[in-house]
Amino acid sequence: MLEEAMAAIAEDGLASLTMSALAARLGTSGGHILYHFGSKDLLLLAALRWSEALLAGERRALLARRITAERKLDLFLRLYLPHGPRDPRWTLWIELWARTAGNASLRAAQDELDEGWRRDLESLLAAGVARKRFAPLDVAARASELLALLDGLSTRVVIGQESGRDPRPALEAARAAARALVPPHPAGADGTKDAPARGE
């Protein structure tokens, strides 16, 4: 159900996702979907959690790769940003943000999902500093600043303000910001180069 909900959002947008429309795609009834989730809001939150769980697995795999910290940071940026205006995950994020002010449970869910991204980015930056790939920096502050910037760029892509349907300018802007916020170590690497991954 969650996978099909994400596909429906990508194809037709969030406004077109009704319980009856999703039920028709699944060959079931709206009542059956409500039995599992209780409401459309809870269905959307479950879909976002499902999508974020998949990305959390990709982040863990990324952090474990034997590639340079600079390359890991670039791949992290790509993983975070939307693929285009119809990116269903980011469509759900924007919807969630709009509803959190008056809903404590949604705010708690947002904080929980955000925490995974923040924790992994801090880990990536700290490892880069330790290996002298990045200059010494306040890891928590830089991670917070970079994530805030990525949220802004992502929103612009999803609402179509970032060069129409092309997400590449947002990626280039994110890379420029990352270079400014996370500069290379002035002395260069410490002589223990990260081994490149196969195929890179």
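Quick note: structure is the one above.
In this report, we go over the structure that sits alongside the text. (Residues numbered from 1 in each chain as written. Predicted model: local features only at pLDDT ≥ 70, side-chain atom pairs only at ≥ 80, totals over all residues. Heavy atoms only, no water.)

Further remarks concern the packing of aromatic side chains. Tallied over the entire structure, the rule returns 6 aromatic pairs. A centroid spacing of 5.4 Å and a plane angle of 85° characterise the contact between Phe-76 and Trp-117, whose relative ring orientation is edge-to-face. Highlighted residues: Phe-76 in helix H5 (residues 69-80) and Trp-117 in helix H7 (residues 104-130), separated in sequence by 41 residues. Each member of the pair, Phe-76 together with Trp-117, is buried. Measuring from centroid to centroid gives 5.6 Å for Trp-90 and Trp-97, while their planes differ by 65°, and the two rings are edge-to-face. An aromatic cluster of at least three residues, connected via ring pairs, comprises Phe-76, Tyr-80, Trp-90, Trp-93, Trp-97 and Trp-117. (Phe/Tyr/Trp six-rings, centres within 6.5 Å; stacked < 30°, edge-to-face > 60°. Helix = DSSP H or I, 4+ residues; strand = E, 2+ residues; numbered from the N terminus. Buried < 20%, exposed > 50% of the residue type's maximum accessible area, 1.4 Å probe, protein only.)

With that out of the way, let us pick up the nonpolar core. The biggest cluster of nonpolar side chains holds 56 residues, and the ones touching the most others in it are Leu-73 and Leu-125. Apart from the residues within four sequence positions on either side, Leu-125 is in contact with Leu-73, Phe-134, Val-139, Arg-142, Ala-143 and Val-182. (Core = buried A, V, L, I, M, F, W, Y, C linked by side-chain atoms within 4.5 Å. Contact = heavy atoms within 4.5 Å.)

Looking now at the pattern of salt bridges. Taken as a whole and assessed by the stated rule, the structure comprises 13 salt bridges. The partner of Asp-74 in a salt bridge is Arg-71, with the nearest N and O atoms 3.7 Å apart. Of this pair, Asp-74 and Arg-71 both sit in helix H5, 3 residues apart, roughly one helical turn. Given the relative accessible area of 15%, Asp-74 is considered buried. (Salt bridge = Lys/Arg side-chain N within 4 Å of Asp/Glu carboxyl O.)

As a further point, take the side chain of Ser-51. Considering the arrangement of structural elements, one finds Ser-51 in helix H4 (residues 40-64). Filtering out sequence-adjacent residues up to four positions away, Ser-51 remains in contact with Met-6 and Arg-89.

Bringing the environment of Asp-114 into the picture now. Tracing the chain through its elements places Asp-114 in helix H7. Along the primary structure Asp-114 and Glu-52 are separated by 62 residues, whereas in three dimensions their C-alpha atoms are 9.7 Å apart.

A few words now on the environment of Ala-64. With respect to the secondary-structure elements, Ala-64 resides in helix H4. Here Ala-64 falls in the exposed class, since its relative accessible area comes to 59%.

All of the buried residues along helix H2 (residues 19-26) are Met-19, Leu-22 and Ala-23. One side of H2 carries all its buried residues, which in axial view fall inside an arc of 100°. Set apart from the buried face of H2 by more than 90 degrees, the exposed residues are Ser-20 and Ala-24. Where H2 is buried, its residues touch helix H1 (2-12), helix H3 (30-37) and H4. Count one or two residues on from H2 and you reach Gly-27, which has phi positive near 70°. (Arc of directions from axis to C-beta.)

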